[in-house]
Amino acid sequence: MSIDSLRRSARATVSGLPQGFWWLWLSTLVNRTGAFVLTFLSLYLTVELGHSAWFAGLVVALHGLGGVAGSPLGGTLTDRWGRRPTMVTMHLAAAACAAALAVVTSAWAIATVVLLMGVAMQAVRPSINATIADMVPAHEVRRAYALNYWALNLGFAIASIGGGAAIFLGYRTLFVVDAVATVLCAVIVFLRLPETRPEARTDKSGEPVVEAKVSMVTVLRDAPFRTLVLLNLLVCLVFTAPWIGLPLTMADQGLSPSSYGVVIAVNGIVIVGFQLLVNRLTDKRSPVLLLSLSSLLFAVGTGATALAGSSVVAFAATVVVWTVGEMIHVPTNAAATALLAPEHARGRYQGVMGMSWAVAGFVAPIGAGAIVDGPGPNVLWAATFAIGILAAVGYTLRLRKALVDDGDGSSSSSSSSSSSSDSQGDRVGVEGEVVVEVVTVGDSAGDSAGRAAVSA
């Protein structure tokens, strides 16, 4: 492939999206560029403050536990309060927590601050995902999610390099920089991003249409979406396991921590270097096909870790495989959530989906550590392989009809009717709205782009 063709491919990948999306993309990049707290928190707790590795692991787990509460909270606020107010408030709350970590020193205070930070950081994500679904035409939603995920990882890579170079300034300085970057992110959202929460619909006579009320319980009663959440939880468990199990496995093979650093860096390098190419190759593909494929890649990539022996190259190769699965899965899952969500309940749907990530972030580290210490690392990788395969089969058998895509971003009429029959009446209060949401977004792409352009 020539340089010109690569340039054209890259231009096609980033073109055609509303200007408001790029302000949101920029806010994500700025936010993650200063994301030093989680990256260096365990080192700060053990090296700087002298706490045990057990305590450091507990504090990191508390961050995930906070996310379990923060995700539905953010989803509810996103729908009731608005996208932009939720983003600004939660970004500022996260900034306050990062700044507080530069001051507090007691174990209880640190644990409390990290827990609250987990709430704030996870609460902002439903509003971001709902905003993308609001402003981007339906057939471009998956690409927009992929680009936003690329910004997140690009920022994280910059933070990791910059934080490592600036660590001589002290951990507390890094936490202050994190707070400043998060405040700047909130400022960008406040000044440049419009509120995108859909206005109340009206009928032909101009009277407001009464939308079916959607609570968190209603969302969980949506059978196809509930299946999507449960399958995503399985994938998240597989995805999270290497972050704990991989360094322990490599240590068991006699490899140094620096070797693990090289291997895990492959994850970020592959995402930053190839996310746009993966977007291009997977564009317009069936959501079920992509979700099944990504699950298989997670299964093969993590399962092959048991066969890597003591080869750093082999370990790096396994990371490449499941990283490709990550690049496919994350935007596709977000787009599938947007597809199934009623327009007026996008925040709640994204919030419930976010809970699956948060639960996995809390459960997987504990479970992976216990398995490695008990039966051994090979059992862990055999389990992740089996779970990944199970998820792939689940996507194919359980969501093949609910996520039918006709290729232009609109769900076909058979998709909606199939969702109804598959759920056997469980989609009480939301089934009719799913059809409205898909048709409205697909038919008003120009209006969505127009609303987003106001941000500039």
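All figures in this text were calculated on a predicted structure; none of them were measured in a lab.

The subject of this paragraph is the overall build of the chain. Looking only at helices and strands, one finds 18 helices and zero strands in the chain. Relative to its full complement of 456 residues, the chain shows a buried share of 51%. When contacts within the chain are restricted to residue pairs at least 6 apart in sequence, long-range pairs at least 24 apart make up 85% of them.

With that out of the way, let us pick up a nonpolar patch on the surface. On the surface, a cluster of nonpolar side chains totalling about 530 Å² of accessible area is made up of Leu92, Val183, Leu184, Val187, Phe190 and Leu191. Considering every element that reaches the nonpolar patch, the biggest residue donor is helix H8 (residues 171–192), with five residues. The partly exposed category is assigned to Leu92, whose relative accessible area is 40%.

To continue, consider the environment of Thr46. Mapped onto the elements, Thr46 comes out in helix H3 (residues 37–48). With a relative accessible area of 28%, Thr46 lands in the partly exposed category. The spatial distance from the C-alpha of Thr46 to the C-alpha of Ala56 is 6.9 Å, given a sequence separation of 10 residues. Apart from the residues lying within four places of it in its own chain, the contact partners of Thr46 are His51, Ser52, Ala53 and Ala56. Within the structure, Thr46 has its side chain in polar contact with the backbone oxygen of Ser42 (distance 2.8 Å).

This part is about helix H12 (residues 287–303). Taking 1.5 Å as the rise per residue, H12 with 17 residues should run 24 Å; its terminal C-alpha atoms sit 24 Å apart, in good agreement. Most of H12 is tucked away, with 12 of its 17 residues classed as buried. Within the span of H12, buried status applies to Pro287, Val288, Leu290, Leu291, Ser292, Ser294, Ser295, Phe298, Ala299, Gly301, Thr302 and Gly303. The secondary structure elements touched by the buried residues of H12 are helix H7 (141–166), helix H10 (223–252), helix H11 (257–282), helix H13 (312–340) and helix H15 (377–398).

This next bit is on the packing of aromatic side chains. One pass over the full model with this rule turns up 12 aromatic pairs. For the pair Phe239 and Phe298, a centre-to-centre distance of 5.8 Å together with 65 degrees between the ring planes defines the contact as edge-to-face. Separated by 59 residues along the polypeptide, Phe239 in helix H10 and Phe298 in helix H12 bring together distant segments of the chain. Phe298 shares its class with Phe239; the two are buried. Among the aromatic residues, ring-to-ring pairing joins Phe239, Trp243, Phe298, Trp322 and Trp357 into one connected group. For the cation-ring pair, Arg84 lies above Phe190, with the distance from its terminal atom to the ring centre recorded as 5.5 Å.

Here we take up the pattern of salt bridges. As enumerated under the stated definition, the model contains six salt bridges in all. With a closest N to O distance of 3.5 Å, Arg172 and Glu48 form a salt bridge. Here Glu48 lies in helix H3 and Arg172 lies in helix H8, a separation of 124 residues in the sequence. The salt bridge involving Asp134 is made with Arg83; its shortest N-O contact spans 2.6 Å.

Attention shifts here to the environment of Arg398. Within the fold, Arg398 resides in helix H15. Residue Arg398 is classed as exposed on the basis of its relative accessible area of 55%.

Membership of the largest hydrophobic core comes to 45 residues, with the highest contact counts inside it found for Phe225, Leu228, Leu246, Tyr395, Leu399 and Leu403. For this core, the elements supplying multiple residues, two or more each, are H10, H11, H12, H13, helix H14 (346–373) and H15. In terms of residue count, the dominant contributor to this core is H13 (10 residues). Beyond its immediate chain neighbours, meaning those up to four positions away, Leu399 contacts Pro224, Thr227, Leu228, Leu231, Val288 and Gly394.

Time to look at the packing of H3 against helix H4 (residues 53–80). Direction vectors running N to C along H3 and H4 enclose 150 degrees, while the axes themselves pass 8 Å from each other. On the basis of their axis angle, the class for H3 and H4 is roughly antiparallel. In this structure, H3 crosses over H4, and the sense of that crossing is right-handed. Where H3 approaches H4, its residues Leu38, Leu41, Ser42, Leu45 and Thr46 are matched on the opposing element by Ala53, Phe55, Ala56, Val59 and His63.

Between H10 and H14, the shortest axis-to-axis distance is 7 Å and the interhelical angle comes to 35 degrees. With respect to the hand of their crossing, H10 and H14 are arranged in right-handed fashion. Here the contact of H10 with H14 is built from residues that sort into 21 nonpolar, six polar and no charged.

The next thing to look at is the side chain of Arg83. Among the secondary structure elements, Arg83 is positioned in helix H5 (residues 83–101). Looking at Arg83, its side chain comes within polar contact range of the side chain of Asp134, at 2.6 Å. Beyond its immediate sequence surroundings of up to four residues, Arg83 is in contact with Thr78, Ser127, Ala130, Thr131, Asp134, Glu195, Thr196, Arg197, Pro198, Glu343 and Arg346.

In this model, the chain carries a mean pLDDT of 83, and residues with pLDDT of at least 70 account for 83%. Summarising per-element confidence for the chain, the mean pLDDT is lowest in helix H18 (residues 445–453) (31) and highest in H12 (97). Across residues 406–456, confidence stays below pLDDT 50; counting only partners more than four residues off in sequence or on other chains, it has 91 contacts.

Here the focus is the environment of Val359. Structurally, Val359 can be placed in helix H14. A relative accessible area of 28% places Val359 in the partly exposed class. On a C-alpha basis, the gap between Val359 and Ala69 in space is 9.7 Å, while along the polypeptide they are 290 residues apart. With residues up to four places along the chain from it excluded, the contact list for Val359 reads Val68 and Leu233.

Phi at Lys284 takes a positive value of approximately 70 degrees, unusual for a residue other than glycine. As for its placement among the helices and strands, Lys284 is situated in the loop between H11 and H12. A relative accessible area of 43% means that Lys284 is categorised as partly exposed.

The rules we used
- Residues numbered from 1 in each chain as written.
- Predicted model: local features only at pLDDT ≥ 70, side-chain atom pairs only at ≥ 80, totals over all residues.
- Heavy atoms only, no water.
- Helix = DSSP H or I, 4+ residues; strand = E, 2+ residues; numbered from the N terminus.
- Buried < 20%, exposed > 50% of the residue type's maximum accessible area, 1.4 Å probe, protein only.
- Contact = heavy atoms within 4.5 Å.
- Patch = residues over 30% accessible without salt bridge, like charges linked within 9 Å, V, L, I, M, F, W, Y side chains within 5 Å.
- Areas by Shrake-Rupley, 256 points an atom, 1.4 Å probe, with all protein chains shown as cover.
- Salt bridge = Lys/Arg side-chain N within 4 Å of Asp/Glu carboxyl O.
- Polar contact = N/O pair within 3.5 Å; in protein donor to acceptor, adjacent residues only side chain to side chain.
- Expected span 1.5 Å × (residues − 1).
- Phe/Tyr/Trp six-rings, centres within 6.5 Å; stacked < 30°, edge-to-face > 60°.
- Lys NZ or Arg CZ within 6 Å of the ring centre and 35° of its normal.
- Core = buried A, V, L, I, M, F, W, Y, C linked by side-chain atoms within 4.5 Å.
- Axes fitted to C-alpha atoms, helices over the stretch in contact; angles between N-to-C directions.
- Parallel < 35°, antiparallel > 145°, perpendicular 65-115°, else oblique.
- Left-handed = near helix turned anticlockwise from the far one by under 90°.
- Nonpolar A, V, L, I, M, F, W, Y, C, P; charged D, E, K, R; others polar.
- pLDDT = per-residue confidence, 0-100.

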